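Here is what each chain is made of, one letter per residue.
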Amino acid sequence: MKKVTLKSFLERQRPQFASLAEGWLAAGATSFVVWDGERSLAHWPHDRPPAPPDLKAPLQIETAVSGELRVSGLCGEEATARLAADARLISQLMQLEDELECMTAELIHSEDQLLALYNLSQATRSHLEIAPLAKAITQTIVQMLNVERACLIFKVADGAASVIGYPEMRSGSPGLCHFLEQLLASGAEFLENQKARSSELPDPAYNLLFLPIQTRGALVAGLGLINKVDGDFQTPDLKLARAVAGQTAVHMDNILLYQKSLKQARLQAEMDLAKNVQLQLLPQTPPLVEGLDLYAGSRPALQVGGDFYDFIVESGETFIFTLGDVSGKGLPAALLMAMTRTVLRSRAKSLPAPAPMHMLGEANEDLYDDFTDVGMFATVFVGRYDVGQRCLLYANAGHSPVIYCPAGERARLLVADGPAMGVLPVNLCEDQRVPFHPGDVVVVATDGFNEARNEAGDLFGYEQLLAQVEALSSQPARQIGEALFAAVVDFGRGHLQDDDQTLIVIKGATP
Amino acid sequence: MEIKSRSSNAVTILALAGRFDAYEAGPVDRHLQKTLAAGSSSIIVDLAGVDFVDSTALATLVKGMKRCRQHDGDLHLCCLQQPVRVIFELTRLDKVFKIFSDEEEALKAFASA
């Protein structure tokens, strides 16, 4: 605390001292001296050196004596009392001036801090990530509070904590990081001045102030101030640090909200893109094929999966259809789906009389590396119907459900004989053949049907699917397809659709 | 879904429990990649506690299996529940993975390899 000195007080109040001196001279004193303990600071009259003093009275601020008033040429009780009173008055004035100076200094300091706080707010409001915010805050608070080091410790994904400090944290301060982690876990304010012997403060800390930072009722971070340079952390320091912590909380809240909405926007954009890819590629209407009654449809889930189907008609005599399901969801699945459907189509067109197993085998060769790189696979069913042949040739790479229901008979699954495309470098599937007469039905669907869940968490299941196909098999392909969709929609009421539901219905047309 | 990891000699055993679907595939994938990065390419995935797998889960296992085999190891499966076994049969992944009835058999298969 800055102390007013007698000398400086005298400089400022010289006229007042002069009129006091004149009063004494007029009363008969020969000299009036202001004495600082070693020498005369001022004397009246100026024109001659002061005589040795007859009366003295001390000047003091609180208990410290800073000097004396000295008068010569007068003595006695009255004069002694008068000088003592004058000295007391001057002392009190010096005391008040001292207090005023201290208050002014504090006010200036507060204003500086307010300005620094405002500047901090302006500088950090534009930060969109936690790390730059942390750097700005720790750097500013080191200066504002005059500490050796400031750290912001904050929670990151999967429960770990990250520490950013100013000056930068060296790898050699694990003790401090660990201590801060413990304080963060406690979630409480912590203050230790003048590290005691039994203290747990890690070296090189001897003073530490820790403030938790909460947003929306949850603890997200903590501010640690280490080693106050000019003494202990006092109440004003605590108040200021709390103010900074409060501001930090607001900024962190903004950043976290911004990042969350950015993530949501990205996800939405991805979902929209994937849905567009799928809509563009699925055939809108099935082709007209002599001897067949066809229906196809798809109900995409909210987050689009990788379902596709395709129809390829060769020279009006050969009808090839594919249906597949790429593992996974969203844009990656949609892109792999587009590739798979296109490669199969191109293989179908390039081979003169494409056998389903060759289409699958060559497509698998084309796509195996890509599937391996992205860690995905695609279950695929390829079917071929030649007009007049009354049979269905197919190859099934890991796909189900494929339901075959000959007219008047039980429905059964056509099971795969090899795994999905992209699992093994060589395709294991072989061509299979089933008779296909008027009234026979084949339903190729994706597992979005049998894996559909209801509110209770039960699955629709294969048995129900087979039973439904059997019950509907006498109806036209469109009615079968629409009824299957209706059945699974009805079953899944109250539970969000997890996966795409896609199917093709092929029925032998009555001639 | 719970994921528990332990070792037996040079073999890492991952025991999963719960519904293994698209939402749980990420952590399992990370576990498998971490195990491989640590140098262990002999892995057993114990599915005793798993009552459901979807295509993303299967793709995660296929990816792990391919990486293990790339490093001269393998990924064995054991203790499949009936509904899960059915899924492996329908997708013909039972022809791709070595599947055992219990952990002991799966471990023995590594020893004799």
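Residues numbered from 1 in each chain as written. Chains lettered and ligands numbered in written order. Predicted model: local features only at pLDDT ≥ 70, side-chain atom pairs only at ≥ 80, totals over all residues. Heavy atoms only, no water.

Could you give me a rundown of the overall build of chain B, with the residues and numbers involved?
When helices and strands are counted, chain B shows 4 helices and 5 strands. When the helices and strands of chain B are read in sequence order from the N terminus, they spell out β-β-α-β-α-β-α-β-α. Looking at chain B as a whole, 52% of its 113 residues are labelled buried. Here the contacts in chain B between residues at least 6 apart in sequence split such that 69% fall between residues at least 24 apart. Accessible surface computed for chain B: about 5,100 Å², of which carbon and sulfur atoms make up 48%. (Helix = DSSP H or I, 4+ residues; strand = E, 2+ residues; numbered from the N terminus. Buried < 20%, exposed > 50% of the residue type's maximum accessible area, 1.4 Å probe, protein only. Contact = heavy atoms within 4.5 Å. Areas by Shrake-Rupley, 256 points an atom, 1.4 Å probe, with all protein chains shown as cover.)

A description of the pairing of strand E12 (residues 318–329) of chain A should follow, citing residues and the corresponding values.
Residues and elements named next belong to chain A. Extensive coverage of E12 is indicated by the burial of 12 of its 12 residues. The turn linking strand E11 (residues 305–314) back onto E12 is made up of 3 residues, and Ser315 within it adopts a positive phi angle of 50 degrees. Two strands pair when backbone bridges link them, and E12 and strand E13 (residues 378–386) are joined in this way by 9 bridges, in the antiparallel orientation. From the neighbouring strand, Thr318 faces E13, where its bridge partner is Asp386. (Pairing = 2+ DSSP bridges.)

I'd love a proper account of the pattern of salt bridges, names of residues and values included.
Residue and element names in this part refer to chain B. Per the counting criterion, the structure on display carries 27 salt bridges over all chains. Here Glu103 and Arg6 are joined by a salt bridge, their closest N and O atoms 2.6 Å apart. In this pair, Glu103 sits in helix H4 (residues 103–112) while Arg6 sits in strand E1 (residues 2–8), placing the two residues 97 residues apart along the sequence. Glu103 sits in the buried class, given a relative accessible area of 18%. The closest approach of N and O atoms between Glu89 and Arg85, which form a salt bridge, is 3.7 Å. You can see Glu89 and its partner Arg85 sitting in helix H3 (residues 82–90), 4 residues apart, about one turn around the helix. (Salt bridge = Lys/Arg side-chain N within 4 Å of Asp/Glu carboxyl O.)

Quick one: what's the story with the sheet that holds strand E17 (residues 432–435) of chain A, residue by residue and with numbers?
All names here are of chain A. In spatial order, the strands read E11-E12-E13-E14-E17; together these 5 strands make up an open sheet with antiparallel pairing. Edge positions in the open sheet fall to E11 and E17, since each of these has one partner strand only. For this sheet the average axis-to-axis angle between neighbouring strands, irrespective of direction, equals 20 degrees. Along the sheet face, helix H7 (residues 330–350) touches E11, E12 and E13 and points at about 15 degrees away from the line of E11. (Axes fitted to C-alpha atoms, helices over the stretch in contact; angles between N-to-C directions.)

I'd like to hear about unusual backbone geometry, residue by residue, with values.
In this chain, Tyr166(A) is followed by Pro167(A) through a cis amide linkage whose omega measures -10 degrees. If you trace the backbone, Pro167(A) turns up in the loop between strand E6 (161–166) and helix H5 (174–186). Here the residue pair Ser400(A) and Pro401(A) is connected by a cis peptide bond, since its omega of 5 degrees sits within 30 degrees of zero. Take Pro401(A): it is sitting in the loop between strand E14 (391–397) and strand E15 (402–405). For Asp72(B), which is not glycine, the phi torsion reads 60 degrees and is therefore positive. Relative to the elements of secondary structure, Asp72(B) occurs in the loop between helix H2 (55–70) and strand E4 (74–78). Judged by its relative accessible area of 76%, Asp72(B) falls in the exposed class. Not every positive phi belongs to a glycine, and Arg92(B) is a case in point at roughly 60 degrees. Topologically, Arg92(B) is positioned in the loop between H3 and strand E5 (98–100).

Go over the nonpolar core, please, and point to the residues and values.
In terms of nonpolar packing, the biggest core is built from 48 residues, with Leu292(A), Phe319(A), Phe321(A), Leu360(A), Val380(A), Phe436(A) and Ile504(A) touching the most fellow members. With 6 residues, H7(A) is the largest single contributor of residues to this core. Ignoring anything within four residues of it in the chain, the contact list for Ile504(A) reads Tyr295(A), Ala296(A), Tyr309(A), Phe311(A), Phe321(A), Thr322(A), Leu323(A), Val442(A), Val443(A) and Val444(A). Counting 33 residues, the second largest nonpolar core, distinct from the first, contains Phe377(A), Ala420(A), Leu58(B) and Leu80(B). (Core = buried A, V, L, I, M, F, W, Y, C linked by side-chain atoms within 4.5 Å.)

Explain the side chain of Asp74(B) to me, and be specific about the residues and the numbers.
All names here are of chain B. Mapping Asp74 onto the fold places it in strand E4. Residue class for Asp74 comes out buried when judged on its relative accessible area of 7%. Within the structure, the side chain of Asp74 is placed 2.9 Å from the side chain of Arg69, a separation counted as a polar contact. Contacts of Asp74, omitting those with residues within four sequence positions, involve Ser41, Ser42, Ile43, Met65, Cys68, Arg69, Lys98 and Phe110. (Polar contact = N/O pair within 3.5 Å; in protein donor to acceptor, adjacent residues only side chain to side chain.)

Account for a nonpolar patch on the surface, naming residues and giving values.
Residue and element names in this part refer to chain A. Taken together, the side chains of Leu89, Leu93 and Leu96 make up a nonpolar region of the molecular surface, amounting to roughly 300 Å² of accessible area. On the secondary structure map, Leu93 appears in helix H3 (residues 77–124). What makes Leu93 partly exposed here is its relative accessible area of 44%. (Patch = residues over 30% accessible without salt bridge, like charges linked within 9 Å, V, L, I, M, F, W, Y side chains within 5 Å.)

I'd like a description of the sheet that holds strand E10 (residues 292–299) of chain A, backed by residues and values.
Pairing between the strands of a sheet is mediated by backbone hydrogen bonds and can be parallel or antiparallel. Residue and element names in this part refer to chain A. On the basis of which strands lie adjacent, the open sheet formed by 5 strands has the order E10-E19-E18-E15-E16 and antiparallel pairing. Strands with a single pairing partner mark the edges of an open sheet, and in this sheet they are E10 and strand E16 (412–413). Summarising the sheet, strand E18 (residues 441–445) and strand E19 (residues 501–508) pair through 5 bridges and their orientation is antiparallel. Residue Val442 lies in a different strand from E19, and its bridge partner there is Ile506.

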